[in-house]
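Spelled out from the first residue to the last, the chains are:
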Amino acid sequence: MSLAPDLTEILARARSDLRMGVPVVLTGPEGALLVLAAETLEARRLADIKALGGPPVVVISARRAETLKARPYDGDLARIILPTDADLQWVLGVADPADDLRTPMKGPLVSERGGSADLHRLALKLAKSARLLPAVLVLPLKNAPAFSQERRLTVVDGVAAAPLLELASPLNPVVSARLPLEVSEAGKLHIFRPEDGGEEHYAIEIGQPPRDAPVLARLHSACFTGDLMGSLKCDCGPQLRGALAQMGEEGAGVLLYLNQEGRGIGLANKMRAYSLQDQGFDTVEANHRLGFEDDERDFRIGADILKRMGFSAVRLLTNNPAKIAMMQQNGIEVAERVPLKVGETAHNRAYLATKAKKSGHLL
Ligand SMILES: Nc1nc2c(ncn2[C@@H]2O[C@H](COP(=O)(O)OP(=O)(O)OP(=O)(O)O)[C@@H](O)[C@H]2O)c(=O)[nH]1
Ligand SMILES: [Zn+2]
């Protein structure tokens, strides 16, 4: 029935449900799970879940489990059994490292082992893709169809959805218009919209770069604090303006403005990371304590946009070798790396040094 939502659309609904604190149901061959994001959990819903009998478990990534000294029997994740007296604060304390140092967890945390963790893994990925902390409260459901129908919950077929969460969503061009800029009057802005309901990405084209030669290109990840607010904690603002200026000078180039704030974890989580950095952790450690990998960005999106615009080779403005590798793996030839060294300040010196040391950035 073409009027009914397809799987991609159901996943988009599930993401917004989780962001609002509404439970969703994941189904698989071994049964079904009721899932709530820890970050948006409310006391009344926790009480209702406990009343269903259980026990519920809090699923966290192995990165977060490491900090909490919990056992990740499932490799990349741990299923922490919810103690009977656990309240909302307890769940939030497991999910969010904000108070790790001030109020160390009253452990020990007991992890569940055995049985399949496939749906738990999917639930964690769904929370991450909704830009929420990677921590979910789940409860196995016995009669999932009736349970979800009665409560009108979004139901996701886990087996069919799992591969979709690994793919970058297809993007469609929405509109392009002339946009004269300070660096060049021959500017043009193109908008691309993903089919999965995610954020739009932008391409700023300067001049008329020929499609049959490597184009001067920058893949810029959104940084509200650096790009717009003039934050001194990173080098994003000067990099953005420096890249555009170089394109203006050369008379041609393309800058992709990818809405992957905070290396793909979203602005709220980036601010959580900043708050941990104020407690003494570096940018990579902060991401890990939150349960994320160092870099959660998907640069396939950038390669896809370049191809949609007719480019197949770039002179890439970057200091990040991972960006070069990802372009090449995704069909965009990197004819040259053009270094982009601007904006070092007393506040971001340590941040830039960590990126060089731990993330392989070129100095
Ligand atoms: N999670 C997290 N993200 C950060 C932090 N500081 C900056 N960012 C984000 O990091 C991204 C920086 O992106 P880029 O400058 O495109 O990437 P890069 O990996 O540094 O590579 P190049 O600049 O191309 O050398 C932006 O999305 C920022 O919001 C931080 O401390 N933690
Ligand atoms: Zn920044």
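Fair warning: this is a prediction, and the values are worked out from it, not measured in the lab.

Considering the environment of Gly253
Next up, step 1: Note that Gly253 resides in strand β11 (residues 253–258).
Next up, step 2: What makes Gly253 buried here is the crowd of 25 C-beta atoms within 10 Å.
Next up, step 3: Here the alpha-carbon distance between Gly253 and Leu92, two residues 161 residues apart in the chain, equals 46 Å.
Next up, step 4: In contact with Gly253, other than residues within four places in its own chain, are Ile206, Pro209, Val215, Leu216, Ala217 and Met247.

Things to note about the site of ligand 1
Next up, step 1: In the neighbourhood of ligand 1, 22 residues make up the surrounding shell, with Ser221, Cys223, Thr318, Asn319 and Asn320 lying closest.
Next up, step 2: Looking at the shell around ligand 1, the elements with two or more residues in it are β10 (215–221), α9 (236–250), α10 (261–264), α11 (267–278) and α12 (283–290).
Next up, step 3: Among the elements that make up the shell around ligand 1, the one with the highest residue count is α10 (three residues).
Next up, step 4: Across the shell around ligand 1, the residue classes break down as six nonpolar, eleven polar and five charged.

With respect to the confidence of the model for the chain
Next up, step 1: Looking at the chain, pLDDT values average 93 and 98% of them are 70 or higher.
Next up, step 2: As a predicted assembly, this complex carries a pTM of 0.92 together with an ipTM value of 0.96.

Points about the nonpolar core
Next up, step 1: Residues Ala38, Val58, Ala123 and Val136 are the most contacted members of the largest nonpolar core, which totals 54 residues.
Next up, step 2: Those residues within four positions of Ala123 in sequence are excluded, and the remaining contacts are Leu26, Leu33, Val35, Val59, Val136 and Val138.
Next up, step 3: Ile206, Ala243, Ile301 and Leu306 belong to the second largest nonpolar core, which has 33 residues in total.

Overview of the packing of helix α1 (residues 7–20) against helix α5 (residues 118–129)
Next up, step 1: Two elements in contact, α1 and α5, have axes separated by 9 Å at closest approach and are oriented at 80°. The orientation of α1 relative to α5 falls into the category roughly perpendicular. Judged by residue contacts, Ala14, Arg15 and Leu18 of α1 engage Leu126, Ala127 and Ser129 from α5.
Next up, step 2: Taken together, the residues of the contact of α1 with α5 sort by class into four nonpolar, one polar and one charged.

Conventions and cut-offs
Residues numbered from 1 in each chain as written. Chains lettered and ligands numbered in written order. Predicted model: local features only at pLDDT ≥ 70, side-chain atom pairs only at ≥ 80, totals over all residues. Helix = DSSP H or I, 4+ residues; strand = E, 2+ residues; numbered from the N terminus. Buried ≥ 20, exposed ≤ 12 C-beta atoms within 10 Å, placed from the backbone. Contact = placed C-beta atoms within 7 Å. Near = placed C-beta within 6 Å. Nonpolar A, V, L, I, M, F, W, Y, C, P; charged D, E, K, R; others polar. pLDDT = per-residue confidence, 0-100. Core = buried A, V, L, I, M, F, W, Y, C linked by C-beta atoms within 7 Å. Axes fitted to C-alpha atoms, helices over the stretch in contact; angles between N-to-C directions. Parallel < 35°, antiparallel > 145°, perpendicular 65-115°, else oblique.

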